[in-house]
Amino acid sequence: MIQFLSLKDVTALHGEEIAAAVDRVVAGGWYLQGKENERFEADYANYIGTKHCVGCANGLDALIWIFRAYIELGVMKPGDEVIVPANTYIATILAITENGLQPVLVEPRPDTLEIDDSLLEAAITEKTRAIAIVHLYGRNAYTENIGALCRKHGLKLVEDNAQAHGCRVPDGRRTGSIGDAAGHSFYPGKNLGALGDGGAVTTNDQALADTIRALANYGSQKKYVFKYTGRNSRLDEIQAAVLDVKLKYLDEDNAHRKLIAKYYYEHISHPLVSLPARLDDAQNVYHLFPIICQRRDQLQAYLKDNGVGTLIHYPIPPHRQECYPELAHYSLPITEKLAQEELSIPIGPAISLEEAAEVVSLINRF
Ligand SMILES: *Cc1c(COP(=O)(O)O)cnc(C)c1O
């Protein structure tokens, strides 16, 4: 049996050190807004390459806070438009609509599966205030063209880095440091995962960081004084301590993912299965390993019957969800085709090359 992802095995890789960190916080008696958050925020900002990191409750909140803070700072107002990939996890779009902003959906390129930068200029209107890019599946989505368009039109560049901790853009900077602000998720299954929910915003913008820190703490910068109507959305000390341990091993864990991915790229050879364009190793941290197959559902059932767990990312695109009737008018054939044909096969820091070989051999015999 090869699970899609065994969190138990992932945690066990660094189990003793994680347990020691948890014990330290439990024994210390300080559980929120303390030294563990301070240390992790400093270490993560340093890793990503930004001046600021603000921990918060989860990745969705991180993205919500970025747009909310831009509204509080007068950079955006409800009704303004944000360009966003149609092929993303719905949280990216929820963060936009949660703030009364309008998502403008743009198709991915069929080879990279990331936002098609050649379609961006046509999507920009008078009301556009930002482009949100998502480094989906762990693949860098940033291009020079995106940066140039943001500068030309005075748009904020917001990165959803929930799936790409440790990924780099072609010039060597890390994703999460190239835009004006980036949201990160530390959901347990992510490359840098907590033992529960967690998230963070990274940015070089001091005013934005200060605003987000207040918003995530009831809207308060000073005890019992409230500048904004915020919420309670903090990263707790136990999760921060766990994340600081796992951050030390992130590059090593990502290197293992790259080894598995290399094996997949070199050995998957079924005529009905295609793989996304292979990026330079620095530009992909392989959060997921998507494969494309017209007989996807049959392939998934066949793998399941043979003991291999897979997942679909994602079976229903955001514009086809019941919660978004206002997006139902979109016709997005590439995104819709991906929802029909994408299958994510096992990858992670704890799966062995032998297991990857078993997955490949099964796929090639499909
Ligand atoms: C996981 C994820 C999120 C949301 O993060 P949570 O911590 O689960 O709230 C946002 N965007 C993308 C692309 C994700 O994969």
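Our subject is the structure that appears above.
A brief report on the enclosed structure follows. Bear in mind that the values here come from a model prediction, so they are computed numbers and not experimental data. By convention here, each chain's residues receive numbers from 1 onward along its written sequence. Where local features are concerned, this predicted model is filtered to residues with pLDDT of at least 70; where side-chain atom pairs are given and counted, the filter is 80 or more; whole-chain, interface and lining totals use all residues. Only hydrogens and water are removed before side-chain values are computed, so all heavy atoms of the structure are retained for them.

### Points about empty space enclosed by the protein
Here comes step 1: Throughout, the protein atoms alone are placed on a 1 Å grid, and a set of points is a cavity if a 1.4 Å probe fits but cannot get out or a pocket if it is open with protein on both sides within 12 Å along at least five of seven lines; lining residues have an atom within 4 Å of a point. Grid points are joined across faces, edges and corners, and a volume is the space filled by probe spheres set on the points. As enumerated under the stated definition, the model contains three cavities of 30 Å³ or more in all.
Here comes step 2: Volume-wise, the largest cavity comes out at about 60 Å³.
Here comes step 3: Lining the largest cavity are Leu5, Leu7, Val10, Pro188, Gly189, Lys190, Asn191, Lys246, Asp253, Arg257 and Pro349.
Here comes step 4: Counting from the N terminus, the helices are the DSSP runs of H or I reaching at least four residues and the strands are the DSSP runs of E reaching at least two. Counting residues per element, the ones that place at least two in the lining of the largest cavity are α1 (7-13) and α10 (250-267).
Here comes step 5: By the convention adopted, Pro, Cys, Tyr, Trp, Phe, Met, Ile, Leu, Val and Ala count as nonpolar, Lys, Arg, Asp and Glu as charged, and the other residues, Gly among them, as polar. Of the residues that constitute the lining of the largest cavity, the class distribution is five nonpolar, two polar and four charged.

### Observations concerning the pattern of salt bridges
Here comes step 1: Throughout this description, the term salt bridge denotes a Lys or Arg side-chain nitrogen within 4 Å of a carboxyl oxygen of Asp or Glu. This structure, assessed with the given rule, holds 17 salt bridges.
Here comes step 2: Close ionic contact of Arg109 with Asp111 constitutes a salt bridge, the shortest N to O distance being 2.6 Å.
Here comes step 3: A residue is classified by how much of its surface remains accessible, and Arg109, at 33% relative accessible area, is partly exposed.
Here comes step 4: Salt-bridge contacts for Glu121 lead to Lys152; the nearest nitrogen and oxygen are separated by 3.0 Å. Taken as a pair, Glu121 in helix α6 (residues 120-123) and Lys152 in helix α7 (residues 144-153) lie far apart in primary sequence, 31 residues in all.
Here comes step 5: Put simply, Arg24, Glu36 and Arg39 are held in one network by salt bridges that share partners. Accessibility here uses a 1.4 Å probe with only protein chains present; expressed as a share of the type maximum, an area under 20% marks a residue as buried, one over 50% as exposed, and anything in between as partly exposed.

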